[in-house]
Amino acid sequence: QVQLVESGGGLVQAGDSLRLSCAASGRTFGSSAMGWFRQAPGKEREFVAAISRSALYYDESVKGRFTISRDNAKHTVYLQMNGLKPEDTAVYYCVASTTGYSGRNFHGYDYWGQGTQVTVSS
């Protein structure tokens, strides 16, 4: 069993930065692939980024602005978001896959958090 708790969301202006954190419980954290999805009002949930044991993956819309990282000692995954745009406004969800899946399909992940709101004003 893995529990995920996100934090770090908030209201910022365009061009600002935020760092989201996702604290994970469970013994399998080190072998799990972790990721972030987001869902804006009226839109489908979409892939943002993922990190496996050996690779990083980003959606094209955030590549060069967002950075995903993990600290296995702290059982935490981060999403550093720079150069935020109004279109980044969404609820951001942390996900975990105990099978190592690190793709774009939300249903490929076994666990997800409650989400944290990110709002970027223009």
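Here, every reference points to the structure presented above.
Definitions and cut-offs
Residues numbered from 1 in each chain as written. Predicted model: local features only at pLDDT ≥ 70, side-chain atom pairs only at ≥ 80, totals over all residues. Heavy atoms only, no water. Helix = DSSP H or I, 4+ residues; strand = E, 2+ residues; numbered from the N terminus. Rg over C-alpha atoms; globule rule 2.2 N^0.38 Å. Contact = heavy atoms within 4.5 Å. Pairing = 2+ DSSP bridges. Axes fitted to C-alpha atoms, helices over the stretch in contact; angles between N-to-C directions.

Trainee: I'm lost on the overall build of the chain in this one. Help?
Mentor: Looking only at helices and strands, the chain has 0 helices and 11 strands in total. Each helix (α) and strand (β) of the chain, taken in turn from the N terminus, gives the series β-β-β-β-β-β-β-β-β-β-β. Relative to the globule expectation of 14 Å for 122 residues, the C-alpha radius of gyration of the chain, 13 Å, shows essentially globular dimensions. Overall, the C-alpha framework of the chain stretches about 40 × 25 × 25 Å when taken along its three principal axes. In the chain, the proportion of contacts linking residues at least 24 apart, taken out of those at least 6 apart, comes to 58%.

Trainee: Mind showing me how you'd approach the sheet that holds strand β8 (residues 76-81) here?
Mentor: Strand order in the open sheet formed by 4 strands is β1-β3-β8-β7, and the pairing between neighbours is antiparallel. Because the sheet does not close on itself, it has two edges, and the strands there are β1 (3-7) and β7 (66-71). Averaged over all pairs of adjacent strands, the angle between strand axes in this sheet comes to 15 degrees, irrespective of strand direction. Here 5 bridges tie β1 to strand β3 (residues 18-25), and the two strands are oriented antiparallel to one another. Residue pairing in the sheet places Leu4 in a bridge with Ala24 of β3.

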